[in-house]
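These are the residues of each chain, in order.
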Amino acid sequence: MATYKGIATDLEKVGESWELSGVEGDESVVAEGIDAGMTLPALIDRYGASLMGHRNYEKFGNRFPLLIKFIDAREDLSVQVHPDDAMSQKYGMPNGKTEMWFVLDAAEGARLANGFKNPVDPADYETLVKSGEIENVLNFVEIKPGDTYFIPAGRVHAIGKGAFVAEIQQTSDATYRLYDYHRKDKNGNERELHTELAKEAVNFNDTDGNPVDYKRVENVPVNIVRCPFFTTNLLEADHELMRDYRENDSFVALIFTSGEAVVTCGEEKIPAHQGETILIPASAKGISIEPKGNVSVLETYV
């Protein structure tokens, strides 16, 4: 993670980098410029709709609606499911958790689980989990860089060993662990599972977990995910790319997945490289991206 982002650290194991977060206790901090040192919620307090967009500010207030991460899985991560908005609100949470993965790198044989191979009878759920047979009904697929997966709330999923992904999600910590490969800690205890909540959240008929079908086109924005909670485009360029945001009414996050470039927004010129994220305010009419060689960027907004 540190090498990918080009930062120095004494940490030996870094599994996640929260690139853009308004989560209490884990807020992103502005790195430079006149607002350097401000947290993301404080930034929203200061600029309101001019940062968030009028529609977003009316709906979310000073709560940033997206959480953007890099995830580096050195071992198989647990099999999980996230609740939808209705279930989350039933249990006192503001919203559910729909998300997407963009594969940045993958070791040989690395895989992800996304949904089921075939519909599963809910009556068989607990037996499948206890026996470990749940692994046999999951839709495991081998991955390569550039693969994109959409994970709506209710879809069972897991990140496998050797996968390095960018994750874009609704801001939520609502995660129910339904299987962890019967691994034990140093005291011989298995991790806590959330069996009943997971069962309530799971869509047992969800077999639509194949990768997103898209065609990469250089110097042309390519939409890879569009859902009610966010839109994400892939920008791959080797010369200047102009983006018009006048009709967006939303902030835009630019996640640099490879290469480097200079982003011009109004009078500001911001250099950025692989592993960095730039937040563009909703008041911006547009930007230009001037690559130094080739650059790849995920552009996402609400």
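Please read all numbers here as calculations on a predicted model, not as lab measurements. (Residues numbered from 1 in each chain as written. Predicted model: local features only at pLDDT ≥ 70, side-chain atom pairs only at ≥ 80, totals over all residues. Heavy atoms only, no water.)

Draft legend 1. The arrangement of the overall build of the chain in detail. Per the secondary structure count, the chain includes eight helices and 19 strands. At 20 Å, the chain has a C-alpha radius of gyration in line with the 19 Å of a compact globule built from 302 residues. Over its C-alpha atoms, taken along the principal directions, the chain stretches across nearly 60 × 40 × 40 Å. Burial analysis of the chain (302 residues in total) assigns 50% to the buried set. Partitioning the contacts of the chain with sequence separation of at least 6, the portion at a separation of at least 24 is 74%. Once the 30 positive and 50 negative side-chain charges of the chain are each reduced to a mean point, those two points are 2 Å apart. (Helix = DSSP H or I, 4+ residues; strand = E, 2+ residues; numbered from the N terminus. Rg over C-alpha atoms; globule rule 2.2 N^0.38 Å. Buried < 20%, exposed > 50% of the residue type's maximum accessible area, 1.4 Å probe, protein only. Contact = heavy atoms within 4.5 Å. Lys, Arg positive; Asp, Glu negative; His and termini not counted. Charge placed at Lys NZ, Arg CZ, Asp CG, Glu CD.)

Draft legend 2. Inspection of the sheet that holds strand β12 (residues 231–237) at higher detail. Strand order in the open sheet formed by five strands is β11-β12-β19-β14-β17, and the pairing between neighbours is antiparallel. Bordering the open sheet on either side are β11 (222–226) and β17 (277–280), each of which pairs with just one other strand. Averaged over all adjacent pairs, the angle separating strand axes in this sheet is 20°, with direction ignored. (Pairing = 2+ DSSP bridges. Axes fitted to C-alpha atoms, helices over the stretch in contact; angles between N-to-C directions.)

Draft legend 3. Expanded view of the pairing of strand β16 (residues 268–273). Where strand β15 (residues 260–265) lies against β16, six bridges are found, and the strand directions are antiparallel. Bridging from a neighbouring strand, T264 pairs with K269 of β16. With antiparallel pairing between neighbouring strands as the criterion, β15 and β16 make up a hairpin whose turn holds two residues, including G266 at a positive phi of roughly 65°.

Geometric values such as these leave the question of function open.
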